[in-house]
Amino acid sequence: MIDLRSDTLTRPTDAMRKAMARAEVGDDVYGEDPTVNALQERVAEMFGHEAALFTPTGSMANVLAVASVVSPGEEVLCESSAHIARAELGAHGAISGITMRTWTHPRGKVDLGAIESMYAPDMGPFFVRTAAVSVENTHNFAGGSVLPIEELRELRAWADTVGTRIHLDGARLWNAHVATGTPLADYGRVADVLAVCLSKGLGAPVGSLMVGSADAIDAARVRRKRMGGGMRQVGVLAAAGAYALDHHVERLADDHAHARLLGEALGLDPDSVDTNIVVVDRPDAPAFVARAAEEGVRIAAVGPRAVRLVTHLDVTRADAEWAAVVLSGLAGR
Ligand SMILES: Cc1ncc(COP(=O)(O)O)c(C=O)c1O
């Protein structure tokens, strides 16, 4: 089976498991796990922020990050297929008491005109106050698309003018960095607060981080504990993340090349595939997915007419080439 359903499916490599076994640990609720502390400092520095907090999941990092800039009864604006809107099971409303309004862009991009017209300053008892704008880079359900740094800078400039905050869901920001060469610190500079994942293309079994100001991280540490996310000798997991940062960032370029190959096999312009995710419109999505599985290629339906393929660490060039043959055959190409 070649499994292209998600880049979360990777299993830790032998070398990563060895790094985990060797990790120095302590009780992280006491702030005494040296491996976690080192990872948090390293990631904060990579993005030019003061501090970072290790979380079990990207969803928790997003919930903590958004709640650090949006209070209960306020709203965050985001793209309509953003992970925070579609796939975090209402956590931002259910847990943080915040609402969302959305703009729609087929590639998940920033639409500054739409954002400006939706933006609601504090109007007392009349409208929900917009406290932040959230952007996702790369954008998962829009097919791994990269948000160009220039557009993010324009959003930052506008946000500074009106006095609103920016949350960046950077679950796959590493992919955007490798695809464009944009330094991670440049992405860090456009956001007040970020979430990044080690458990997607980087291949760690678990782990994400919220990145932001020291005050925001202090408050998030309390919220994380309240949510049951206070972990103890979690350096064994942070060690996997540190290993992934050392060894699995640059190789994302291979995943991107494999995704272009698969996109082309399904009739897309390979240049429209920015990173490691391919989303194609298939009116027969569930049946297409079932037929692919029968041929040994697992892919996912992410809507009644949308099929998603994701390349990752456990998909070799030969796997991608074989999957391309199978899928183009099924697509009648
Ligand atoms: C863009 C994006 N943000 C956040 C998440 C949440 O990560 P997790 O599954 O670790 O909660 C995902 C998961 O796939 C994602 O694609």
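The numbering scheme is per chain: residues are counted from 1 as the chain's sequence reads. Only residues with pLDDT of at least 70 are given local features in this predicted model, and only at 80 or more are side-chain atom pairs given and counted; all residues enter the totals for whole chains, interfaces and linings. Based on all heavy atoms of the structure, the side-chain values leave hydrogens and waters out of the count.

The subject of this paragraph is helix α10 (residues 214–226). Every helix listed is a DSSP run of H or I at least four residues long, and every strand listed is a run of E at least two residues long, numbered separately from the N terminus. Here a helix's expected span is defined as the number of its residues, less one, multiplied by 1.5 Å. The terminal C-alpha atoms of α10 lie 19 Å apart, and with 13 residues this matches the ideal 18 Å at 1.5 Å per residue to within 8%. For α10, every residue scored as buried is listed here: Ala216, Ile217, Ala220 and Arg224. Down the axis of α10, the smallest arc covering the buried residues is 90°, so these residues share one side. Facing away from the buried side of α10 by over 90 degrees, the exposed positions are Asp215 and Arg226. Pairs of residues are marked as contacts when any of their non-hydrogen atoms sit within 4.5 Å. At its buried positions, α10 is contacted by β2 (51–55), α3 (58–69) and β8 (208–212). Glycine 228 sits one or two residues past α10 and shows a positive phi near 85°. Each residue is assigned to one of three classes by its accessible area relative to the maximum for its type, calculated with a 1.4 Å probe on protein chains only: buried under 20%, partly exposed between the two thresholds, exposed over 50%. Regarding the arc, it is the one traced by the directions from the helix axis to the C-beta atoms.

Attention shifts here to the site of the ligand. One heavy atom suffices: a residue is near a molecule or strand as soon as one of its heavy atoms comes within 4 Å of it. Lining the immediate surroundings of the ligand are Thr57, Gly58, Ser59, Asn62, His83, Glu88, Glu136, Asn140, Asp169, Ala171, Arg172 and Lys200. Definition of a polar contact: a pair of N or O atoms within 3.5 Å, with one able to donate and the other able to accept a hydrogen when the atoms are protein atoms, and with sequence-neighbouring residues admitted only if both atoms are side-chain atoms. With respect to the ligand, the side chain of serine 59 contributes an N or O atom lying 2.6 Å from an oxygen atom. One of the side-chain nitrogen or oxygen atoms of lysine 200 is found 2.9 Å away from an oxygen atom of the ligand. Each accessible area is a Shrake-Rupley result for a 1.4 Å probe, and residues are judged covered by the shown protein chains and nothing else. A total of 390 Å² of accessible area belongs to the ligand in isolation, and the protein chains cover 84% of it. In terms of residues, the shell around the ligand owes the most to one element, α3, which gives three residues.

Secondary-structure assignment places arginine 172 in the loop between β6 (165–170) and α8 (173–180). By relative accessible area, arginine 172 is classed as buried at 5%. Aside from chain neighbours lying at most four places away, what touches arginine 172 is Asp7, Asn137, Thr138, Asn140, Lys200, Asn276 and Ile277.

With that out of the way, let us pick up the sheet that holds strand β5 (residues 130–136). Strand order across the open sheet formed by seven strands is β2-β8-β7-β6-β5-β3-β4, with mixed pairing between neighbours. The open sheet has two edge strands with one neighbour each: β2 and β4 (99–103). Within the sheet, the average angular offset between the axes of one strand and its neighbour, ignoring direction, is 20°. DSSP calls a pair of strands paired once it identifies at least 2 bridges connecting them. Where strand β3 (residues 75–79) meets β4, five bridges bridge the pair, whose relative direction is parallel. Pairing of valine 76 across the sheet is with methionine 100, part of β4. Whenever a helix is involved, its axis is fitted only over the stretch in contact; in every case the axis is a line through C-alpha atoms, and angles between N-to-C directions fall within 0 to 180 degrees. Here helix α2 (residues 34–46) sits on the sheet in contact with β2, β7 (193–197) and β8, set at roughly 130° to β2.

The antiparallel open sheet is built from three strands, whose spatial order is β9-β12-β11. Sheet topology places β9 (277–281) and β11 (300–303) at the edges, where each strand pairs with a single neighbour. When strand polarity is set aside, the average angle formed by the axes of neighbouring strands in this sheet is 35°. Pairing between β9 and strand β12 (residues 306–310): five bridges, direction antiparallel. The residue of β12 that forms the bridge with valine 279 is arginine 308.

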